Amino acid sequence: MRTPIVAGNWKMYKTNSEAASFVRELALRIAAYSNVERVVCPPFVALAGVAEAVVGTPIKVGAQNVHWEDQGAYTSQIAPPMLVGLAEYVIIGHSECRAYLGETDEMINRKAKALLAHGLKPIIAVGESLAQNDAGDTDAFVSGQVRAALQGIDSQSMPSIVLAYEPIWAIGTGKSASSAVAQQIIGGTIRKTLEELYGVQVADLVRIQYGGSVKPDNMADYMSQPDVDGALVGGASLKLDDFTKLVEAASRAKGS
Ligand code: 13P
């Protein structure tokens, strides 16, 4: 049984004080849904404030990116050891970082390995563009992204890894993939790729989220799909009511 994971990717929203007061209130609202892993991923400057605010609550903290080196002359970058103690999860491979920061599959693979070496858990985002989708290339492209990100990572590390299928055309657009399509790509493409790489037992353990215009009104639909193990959420995770409803829907759908 895979524990569902709902993660709020706050992108470049919320100051340190806004983030800390938000999670204090969020913790009260989502405390009851203990069958769901609940994660917030604030901007770097809010990590310490949020990490302090969640002490004693069930909320876990994620960072939004990382460099692969332990330290060095990389102006503006954040190294894995700097995140230890502040974050448990780290999003890597987000399409916005691939598009705006020029991140390649090879860089994402290095980041994944660096995180694992420091006991941090990668949330690896993959997903196709609209043009690739229109051309019918989704399956091959997403499978290729998964293989590239996991190159050289052994099966023992896989339970620490979360994957997120985020079709680029659905991010922040209000256009979401249907739950059937999410199931098809997550179950039929991504989990199948994991099965080819690591065998069925390992593939069955790995959690795979859907992301892209997830809202309270479509969350239950995604969560009703057998291979969708939660959501990576942008816009809706910035609002207390919406975040609470997303967690509640995940809890109800996957509850035991
Ligand atoms: P939205 O939920 O705003 O579409 O963003 C999705 C996303 O990019 C999460 O990482």
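This text follows the structure it describes.
Described in the following lines is the structure provided in the data block. From a predicted model like this one, the values you see are computed outputs, not experimental measurements.

The rules behind each value
- Residues numbered from 1 in each chain as written.
- Predicted model: local features only at pLDDT ≥ 70, side-chain atom pairs only at ≥ 80, totals over all residues.
- Heavy atoms only, no water.
- Helix = DSSP H or I, 4+ residues; strand = E, 2+ residues; numbered from the N terminus.
- Rg over C-alpha atoms; globule rule 2.2 N^0.38 Å.
- Buried < 20%, exposed > 50% of the residue type's maximum accessible area, 1.4 Å probe, protein only.
- Contact = heavy atoms within 4.5 Å.
- Axes fitted to C-alpha atoms, helices over the stretch in contact; angles between N-to-C directions.
- Left-handed = near helix turned anticlockwise from the far one by under 90°.
- Nonpolar A, V, L, I, M, F, W, Y, C, P; charged D, E, K, R; others polar.
- Expected span 1.5 Å × (residues − 1).
- Salt bridge = Lys/Arg side-chain N within 4 Å of Asp/Glu carboxyl O.
- Pairing = 2+ DSSP bridges.
- Right-handed = clockwise from strand over helix to strand, strands pointing away.

1. Looking at the overall build of the chain
Counting secondary structure elements, the chain contains eleven helices and eight strands. Over its C-alpha trace the chain gives a radius of gyration of 17 Å, about what one expects of a compact globule, namely 18 Å for 256 residues. Reported as C-alpha extents along the three principal axes, the dimensions of the chain are approximately 45 × 45 × 35 Å. When each of the 256 residues of the chain is scored for burial, the buried share is 54%. By sequence separation, contacts in the chain at least 24 residues apart represent 72% of the contacts at least 6 residues apart.

2. Section: the packing of helix α1 (residues 16-30) against helix α11 (residues 240-254)
Put simply, α1 and α11 touch, their axes get as near as 10 Å, and they point 35 degrees apart. For the element pair α1 and α11, the recorded crossing hand is right-handed. Listed contacts from α11 to Phe 22, Glu 25, Leu 26, Arg 29 and Ile 30 of α1 are Leu 240, Asp 241, Phe 243, Thr 244 and Val 247. Looking at the contact of α1 with α11, its residues break down into six nonpolar, one polar and three charged.

3. Side note on helix α5 (residues 105-117)
Its 13 residues give α5 an end-to-end C-alpha distance of 18 Å, which sits within 8% of 18 Å, the value for a rise of 1.5 Å per residue. Of all the residues in α5, the buried ones are Ile 108, Asn 109, Lys 111, Ala 112, Ala 114 and Leu 115. Buried positions along α5 lie against α3 (80-83), β4 (89-92), α4 (95-100), β5 (121-126) and α7 (138-149). Immediately downstream of α5, the backbone of Gly 119 shows phi near 75 degrees, a positive value.

4. Let's talk about the pattern of salt bridges
Taken as a whole and assessed by the stated rule, the structure comprises 18 salt bridges. Linking Glu 37 and Lys 60 is a salt bridge whose minimum nitrogen-to-oxygen distance equals 2.9 Å. Here Glu 37 is found in strand β2 (residues 37-41), whereas its partner Lys 60 is found in strand β3 (residues 59-63), with 23 residues between them in sequence. By relative accessible area, which is 27% here, Lys 60 ends up partly exposed. Where Lys 239 meets Asp 242, a salt bridge forms, and the shortest distance between an N and an O atom there is 3.8 Å. Given the relative accessible area of 16%, Asp 242 is considered buried. Within this structure, Glu 37, Lys 60, Glu 88, Lys 121 and Arg 207 form a network of salt bridges that share partners.

5. Some details on the pairing of β3
Within β3, four of the five residues are buried, which leaves it mostly tucked inside the rest of the structure. Strand direction decides the pairing type here: β2 and β3, joined by three bridges, are parallel. Considered in β3, the bridge of Val 39 is made with Lys 60. On the question of chirality, the crossover connecting β2 to the parallel β3 by way of helix α2 (residues 47-53) is right-handed.

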